[in-house]
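# Working through the structure, step by step
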Amino acid sequence: MMRRAALALAILCIAAMPTAAERLVISLSNARVGVTSSFTGEDLVLFGTIEPDQGKTLMPSGYDLVVTVSGPPESTRTRRKARVLGIWVNVDTREFVNVPSYLAILSNRPVAAIASQQVLRRQQIGLAYTLLTQRIGPDTADTVTNDPFRMSFVRLKEQQHLYREAPEGVTFLTPTVFRAAIPLPANAPNGTYAIDVKLFARGALLARAGSALEVIKTGFEQYVADRAQHDGLLYGLGTTAMALAIGWLASVVFRRD
Amino acid sequence: MHPAFRRFLPLVDGRFALQIYLPIADLPVNMFLLLGMGLAIGYISGMFGIGGGFLLTPLLIFIGISPAVAVASVSPQIAASVFTGFLYYWRRRSIDFALGGMLLVGGIFGTALGVWFFTFLRAMDQLDLFIGLSYVTLLSIVGAIMIYESIRAELRARRGGPATLRRPGSHNWLHGLPFKLRFKRSKIYVSAIPVWGIGLIIGFVGAVLGIGGGFLLVPMLIYFLRVPTATVIGTSMMLTVITMASATLLHAVDNHLVDALLALLLMIGGVIGAQFGARTSQNMRGERLRLLLGLMVFAVGMRFAYDLVVTPEDLYSLRLVRGQ
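Residues numbered from 1 in each chain as written. Chains lettered and ligands numbered in written order. Predicted model: local features only at pLDDT ≥ 70, side-chain atom pairs only at ≥ 80, totals over all residues. Heavy atoms only, no water.

Next up on the list: the sheet that holds strand β11 (residues 170–172) of chain A. Residues and elements named next belong to chain A. The sheet built from four strands is open, its strands ordered β1-β3-β12-β11 with antiparallel pairing. The sheet terminates laterally at β1 (22–28) and β11, the two strands that pair on one side only. Shown here is a sheet whose adjacent strand axes are inclined to one another by a mean of 25°, direction ignored. Strand direction decides the pairing type here: β11 and strand β12 (residues 177–184), joined by three bridges, are antiparallel. If you follow F172 over to β12, its bridge partner there is F178. (Pairing = 2+ DSSP bridges. Helix = DSSP H or I, 4+ residues; strand = E, 2+ residues; numbered from the N terminus. Axes fitted to C-alpha atoms, helices over the stretch in contact; angles between N-to-C directions.)

So this is what it looks like as structure tokens:
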């Protein structure tokens, strides 16, 4: 009786141990990125350590890390062309609603090797398993991974360097200290980027930690873009006045009569 | 490439190239490329006395600026270059303000309609197609007519016949319409209906396609309304300045697509180029000029046709609907 109870307790301890044994401590090289017109892209660095919980010990090795960075949500239309009467026309469109404008999945090895499909799907890890909702009729839903619109959307975003899966994006400096390089391209949109760090071992999620970074575009070009977006009338009047002023100036400078 | 141009190559792709970021087109471009394009189009526009929008808008599309931004940003550039010409004709008192005012009644309405239609097409994801198809149709027809007319005139001149074409008859069915008005400066007596109609068409086409429409408007005024050569250019410029200024304003308010930086660079190149073009044209025969322009217009039309017919590299494309 006693022996059986002790065994049950031991099994319980082993089962509960992995979820409570590790903690993640992370730190970002800079949490605010000011983007000017000369910005050609930058790698932000995230450092972190795997810490044992009080009274627990860590495994000597075998940890896996996945860092998911997602930019502010946006809605984008994906359009497909087909030949109609000899010319190429957009015949079909799908709207992706509130999907990340930027999405980077950085890991120390391919995510498919880190955990099973079910776990990846549940945790939304990897481009194939991230929820990308499309407007379908009055509803919104994600489609199967090999849906042609979904695949094209992801491919085009990858071409713009806005979506990426980097299986070597996380490097372990020691078995418990890691570093992840978050690549920010020049066309990274303004806003708050959520950073989600997940620790795995033997295919199971052990711990997670979150952080955020802010991308702020500054400089003259951004000022112009903001005015165009928010003060359309004033911006239009200004542009028109500039046009007429330059036309008038030319007529004064190059007066022919 | 001509060796004289080779000296300027470092400005375009070498270490002196100055990249600037176009805020609305959302694209880094070489500043000298845009200034150079402005100069070239300005030169052509000065040479032929046209706004040049129908060449500039396609050129911007060909270097990778989205058709929507190209159309919206060329409007202020045309307004600037045509305003220079307008002031010149004003000083020479060869503008019929009464006729220009009546054209504007239709012109403003047409511009508003054009911008609305532009917004509608964009929402339907068919704007690029419409712009492409319209350019093919418009430019190949106008180009073909110009080539045909100038070759015929050239042949006639060679045979020693009279160089001028038959003067159009003094009356046509348009003169039978009601609401007749007398325009003193142009010495014409016509119905207001075709005047409004022409203004409407030019305003509409200009706003949707990013063209001033001078190359359509001048022939229309001559053939349909019998406006004399003394006032036709100045009056057409009066309409174009105001429709293009309104198009700029409406595109800025409705679509937020006017790239002021892009427009500014094009304007600077444009107004300078126009001065040199105007000088060259004085040393060239009119028929030769027309043939040259016709060939250019036709070639741009064909390029659009090619883009529509050839299989695109990627069948899929993205358009941002709403950011944060």
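Additional details are given in the paragraphs that follow.
Domain assignment breaks chain A into domain 1 (21–70 + 100–127 + 142–217) and domain 2 (219–257). For domain 1 of chain A and domain 2 of chain A, the distance between their C-alpha centres works out to 44 Å. (Domains from an automatic or database assignment.)

So, about the packing of helix α4 (residues 53–62) of chain B against helix α7 (residues 127–159) of chain B. Helix-helix packing: each pair is described by the crossing angle between the helix axes and the interaxial distance. Residue and element names in this part refer to chain B. Running from amino to carboxyl end, α4 crosses α7 at an angle of 140°, the nearest separation of the two axes being 12 Å. With respect to α7, the axis of α4 lies oblique. Here the hand of the crossing between α4 and α7 comes out left-handed. Packed against α4, whose contacting residues are G53, F54, T57, P58 and I61, the element α7 presents I131, Y135 and L139 at the interface. (Parallel < 35°, antiparallel > 145°, perpendicular 65-115°, else oblique. Left-handed = near helix turned anticlockwise from the far one by under 90°. Contact = heavy atoms within 4.5 Å.)

A word on the interface of chain B and chain A. Between chain B and chain A, the contact holds 50 residues from the first and 55 residues from the second. Taken together, the two surfaces of chain B and chain A that pack against each other cover about 4800 Å², and 63% of this comes from carbon and sulfur. Applying the counting criterion to the chain B and chain A interface returns three salt bridges. Linking B:D314 and A:R155 is a salt bridge whose minimum nitrogen-to-oxygen distance equals 2.7 Å. Counting across the interface, chain B meets chain A through 18 residue pairs in polar contact (both at pLDDT 80 or more). For the side of chain B that touches chain A, the secondary structure elements donating two or more residues are α5 (67–91), α7, α10 (229–254), α11 (260–281), α12 (286–309) and β5 (316–322) of chain B. (Buried area = accessible area lost by both parts, 1.4 Å probe. Salt bridge = Lys/Arg side-chain N within 4 Å of Asp/Glu carboxyl O. Polar contact = N/O pair within 3.5 Å; in protein donor to acceptor, adjacent residues only side chain to side chain.)

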